[in-house]
Amino acid sequence: RRVHGYYVITTITTCGYGDITPTTAGARLFSMAVMLVGSTVYAYLMGTISAMLMQTDALAEEVRDRKRGLAAFLRHYRIPWPAQKEVFVIYESVLQQTMRVKKNLMDDLPGFLQHKMNRYIQLRLLQTCDLFSALSLRCRVAVAEVLHASSFPPHAAVVTEG
């Protein structure tokens, strides 16, 4: 009798041999089909879940790549550590500015949606600052409405009066 194919597929799919085994050729063929379909579905699900877990935020990945590139550049030219620290402090804000430019992806949206998305981005920025944490949401929205991007060197006076 030719049952080799059945045992090969049973072994490959690790379904085992169990107490209940098919006795006819048709039953073995059906069992093999079910095992192959089950293994395929399982592999597809595991692949899909793995792909979802491996995806990262594209902008965050770009920021990490740029920081790595900058670090390699500074090492290559043997820039002293204190100067490297200063570069990284400033570069962080430069990257934030650059990532704001990436928001131009929203240029295809209508103006009212661009405004709404920018407000959400500004609100998220305000949430990271302790100065604004005690404010109500309504107040933070009002502040977000008037925010605009500016760059200052370290230790520069940002507010000179008021």
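Here the residue numbers are simple positions, counted from 1 along each chain's written sequence. Where local features are concerned, this predicted model is filtered to residues with pLDDT of at least 70; where side-chain atom pairs are given and counted, the filter is 80 or more; whole-chain, interface and lining totals use all residues. The side-chain values count all of the structure's non-hydrogen atoms but skip hydrogen atoms and water molecules.

Engineer: An account of the packing of helix α5 (residues 111–127) against helix α6 (residues 137–146) is requested, with residue identities and associated values reported.
Structural biologist: Remark: α5 packs on α6, axes separated minimally by 9 Å, with the N-to-C direction vectors making an angle of 115°. On the basis of their axis angle, the class for α5 and α6 is roughly perpendicular. Like other packed secondary-structure pairs, α5 and α6 cross with a definite hand, here right-handed. Contacts between α5 and α6 involve His115, Arg119, Gln122, Leu123 and Leu126 from the former and Arg140, Val141, Val143, Ala144 and Glu145 from the latter. Lines fitted to C-alpha atoms define the axes here, with helix axes fitted over just the stretch in contact, and angles between the N-to-C directions of these axes take values from 0 to 180 degrees. A run of H or I in DSSP becomes a helix once it reaches four residues, and a run of E becomes a strand once it reaches two; helices and strands are each numbered from the N terminus. Orientation is classified from the angle alone, with under 35 degrees giving roughly parallel, over 145 giving roughly antiparallel, 65 to 115 giving roughly perpendicular, and any other angle giving oblique. What makes a crossing left-handed is the near helix being turned counterclockwise from the far one by less than a right angle; a clockwise turn instead makes it right-handed. Only heavy atoms enter the contact rule, under which two residues are in contact if any of them lie within 4.5 Å.

Engineer: Can you break down α5 residue by residue, with the values?
Structural biologist: In this model α5 runs 24 Å from its N-terminal to its C-terminal C-alpha over 17 residues, within 8% of the 24 Å that 1.5 Å per residue would give. Partly exposed describes any residue whose relative accessible area lies between the buried limit of under 20% and the exposed limit of over 50%, with all areas from a 1.4 Å probe on protein chains only and scaled to the type maximum. Taken residue by residue, α5 has Gln122, Leu123 and Leu126 as its buried positions. When α5 is viewed along its axis, its buried side chains cluster within an angular range of 105° and face the same direction. What points out from α5, more than 90 degrees from its buried face, is the exposed set Arg124 and Gln127. In the core, the buried residues of α5 are packed alongside α6. An expected span of 1.5 Å times one less than the residue number is assigned to each helix. To be clear, the arc concerns the directions from the helix axis to the C-beta atoms.

Engineer: For the confidence of the model for the chain, give the residues involved together with the corresponding values.
Structural biologist: Do not read the predicted coordinates in detail wherever pLDDT is low. pLDDT gives the predictor's per-residue confidence on a scale running from 0 to 100. Averaged over all residues, the pLDDT of the chain equals 78, while 80% of them reach at least 70. Per-element mean pLDDT across the chain ranges from 70 in helix α1 (residues 4–12) up to 86 in α6.

Engineer: Provide a residue-level description of the pattern of salt bridges, including the pertinent values.
Structural biologist: Just to be clear on terms, a salt bridge is a Lys or Arg side-chain nitrogen sitting within 4 Å of an Asp or Glu carboxyl oxygen. Inspection of every chain in the model, using the stated rule, returns 1 salt bridge. Across the salt bridge formed by aspartate 65 and arginine 68, the nearest N and O atoms sit 2.7 Å from each other. Taken as a pair, aspartate 65 and arginine 68 lie in helix α3 (residues 58–76) at a separation of 3 residues, close to a single helical turn. Residue classification places arginine 68 among the partly exposed positions, given a relative accessible area of 48%.

Engineer: Tell me about the nonpolar core, and name the residues and values.
Structural biologist: For this analysis, a nonpolar core means a set of buried residues of the types Ala, Val, Leu, Ile, Met, Phe, Trp, Tyr and Cys, connected via side-chain atoms within 4.5 Å. Leu123, Leu126, Phe132, Val143 and Ala144 form the largest nonpolar core, which has 5 residues in total. Those elements that provide at least two residues to this core are α5 and α6. Among residues more than four places away in sequence, those in contact with valine 143 are Leu126 and Phe132.

Engineer: Help me get a handle on a nonpolar patch on the surface, residues and values and all.
Structural biologist: Side chains of Val37, Val41, Tyr42, Tyr44, Leu45, Met46, Ile49, Met52 and Leu53 sit close together on the surface and give an oily, nonpolar patch of about 970 Å² of accessible area. Along the chain, methionine 52 turns up in helix α2 (residues 25–54). You can call methionine 52 exposed: its relative accessible area is 56%. Candidate patch residues must exceed 30% relative accessible area and have no salt bridge, after which like charges are joined if within 9 Å and Val, Leu, Ile, Met, Phe, Trp or Tyr side chains if within 5 Å. Here the open area of atoms and residues is found with the Shrake-Rupley method and a 1.4 Å probe, where only the protein chains shown may cover a residue.

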